[in-house]
Amino acid sequence: MKRIASFLLLLLSTTITFAQTSSTGKNIATNKLLRPTAAFYQDGDAIKDKAQSKLFIDHYIQASELTKKGEYSRAIQALEKCLQIYPLAGSANFMLGNIYLTMADDPKDRSSLLQKAVAQFTAAVQSHPGLAAGYYNRALSRMKLGDWDAIDDLDQCLQLDPAQADAYYMRSQLHRALKQNDKAEADLKRFRELGGKV
């Protein structure tokens, strides 16, 4: 229990920056905003076998702790074990996407890592359509790959979480790149209204 409590504090303190489950264990779409912590709880609850659910939680907590220490390879292994237990675990896919996105800061294998991040964020939002951070982080990954269609992900993020200032800023940058200056200025204005500073 102490390990779960420390994990929850870890989740709340990290800035690795969002489904409902049917009785059959399959995730069903929801248009409500979902935070990463809530996605983790929903994934854990969706596993009906208590022993498997505990194992899933243990692997997830281990991955979270390893990620915080920068031990990404081991964290990836723990998350892959989560996905073996519950392949629809959007929370595990979301964390994997964040790891690949972080690792992509290293120029070695940058494109490959960003493509993996996009794939993991895609799996996360398919399992948890209300996961606004999943759309935001997928947009960031796509932008780093030079994919200006990432604007669609930012639109979805802002539909779910209109107070996400950084999404307005990022979308303003995409509008500017697409020579849509009026839209860029409107998003930049909203970013500032929400307290964002350039």
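Please refer to the structure higher up on the page.
These numbers come from a predicted model, not from an experiment.

Calculation notes
- Residues numbered from 1 in each chain as written.
- Predicted model: local features only at pLDDT ≥ 70, side-chain atom pairs only at ≥ 80, totals over all residues.
- Heavy atoms only, no water.
- Helix = DSSP H or I, 4+ residues; strand = E, 2+ residues; numbered from the N terminus.
- Buried < 20%, exposed > 50% of the residue type's maximum accessible area, 1.4 Å probe, protein only.
- Areas by Shrake-Rupley, 256 points an atom, 1.4 Å probe, with all protein chains shown as cover.
- Phe/Tyr/Trp six-rings, centres within 6.5 Å; stacked < 30°, edge-to-face > 60°.
- Core = buried A, V, L, I, M, F, W, Y, C linked by side-chain atoms within 4.5 Å.
- Contact = heavy atoms within 4.5 Å.
- Axes fitted to C-alpha atoms, helices over the stretch in contact; angles between N-to-C directions.
- Parallel < 35°, antiparallel > 145°, perpendicular 65-115°, else oblique.
- Left-handed = near helix turned anticlockwise from the far one by under 90°.
- Nonpolar A, V, L, I, M, F, W, Y, C, P; charged D, E, K, R; others polar.
- Salt bridge = Lys/Arg side-chain N within 4 Å of Asp/Glu carboxyl O.

**A few points about the overall build of the protein**
Okay, so step 1: A count of helices and strands for the protein gives ten helices and two strands.
Okay, so step 2: Along the chain direction, N to C, the helices and strands of the protein fall in the order α-β-β-α-α-α-α-α-α-α-α-α.
Okay, so step 3: Within the protein, the fraction of its 198 residues that count as buried is 46%.
Okay, so step 4: Of the accessible surface of the protein, which amounts to about 10500 Å², a share of 52% is contributed by carbon and sulfur atoms.

**Quick word on the packing of aromatic side chains**
Okay, so step 1: Taken as a whole and assessed by the stated rule, the structure comprises six aromatic pairs.
Okay, so step 2: Ring geometry for Phe 56 versus Tyr 60: centroids 6.2 Å apart, planes at 25°, classification stacked. Residue Phe 56 and its partner Tyr 60 are located together in helix α3 (residues 50-69), separated by four residues, close to a single helical turn.
Okay, so step 3: Ring geometry for Tyr 169 and Phe 191: centres 5.0 Å apart, planes at 45°, overall tilted. In this pair, Tyr 169 is assigned in helix α9 (residues 165-177) and Phe 191 in helix α10 (residues 181-193), connecting sequence segments 22 residues apart.
Okay, so step 4: The exposure class assigned to Tyr 169 is partly exposed, which follows from its relative accessible area of 29%.

**Remarks on the nonpolar core**
Looking at soluble globular proteins, one finds that nonpolar side chains tend to be buried together.
Okay, so step 1: Formed by 33 residues in total, the largest nonpolar core has its most connected members in Phe 56 and Leu 79.
Okay, so step 2: Only α2 (36-46), α3, α4 (72-85), α5 (90-103) and α6 (110-127) provide two or more residues apiece to this core.
Okay, so step 3: Setting aside residues up to four positions removed in sequence, Leu 79 forms contacts with Tyr 60, Ala 63, Ala 92, Met 95, Leu 96 and Ile 99.

**Remarks on the packing of α4 against α5**
Okay, so step 1: Packing of α4 against α5 leaves a shortest axis separation of 9 Å and a crossing angle of 160°. Accordingly, the angle class assigned to the pair α4 and α5 is roughly antiparallel. α5 is crossed by α4, and the crossing has left-handed handedness. In this structure, α4 contributes Tyr 72, Ala 75, Ile 76, Leu 79, Cys 82 and Leu 83 to the contact, and α5 contributes Ala 92, Asn 93, Met 95, Leu 96, Ile 99, Tyr 100, Thr 102 and Met 103.
Okay, so step 2: Looking at the contact of α4 with α5 residue by residue, the classes come out as twelve nonpolar, two polar and no charged.

**Considering the pattern of salt bridges**
Okay, so step 1: For the coordinates displayed, the defined rule picks out eleven salt bridges.
Okay, so step 2: The salt bridge involving Arg 74 is made with Glu 71; its shortest N-O contact spans 2.6 Å.
Okay, so step 3: Overall, the relative accessible area of 44% leaves Arg 74 in the partly exposed class.
Okay, so step 4: By relative accessible area, Glu 71 is classed as partly exposed at 29%.
Okay, so step 5: The salt bridge involving Arg 190 is made with Glu 193; its shortest N-O contact spans 3.3 Å.

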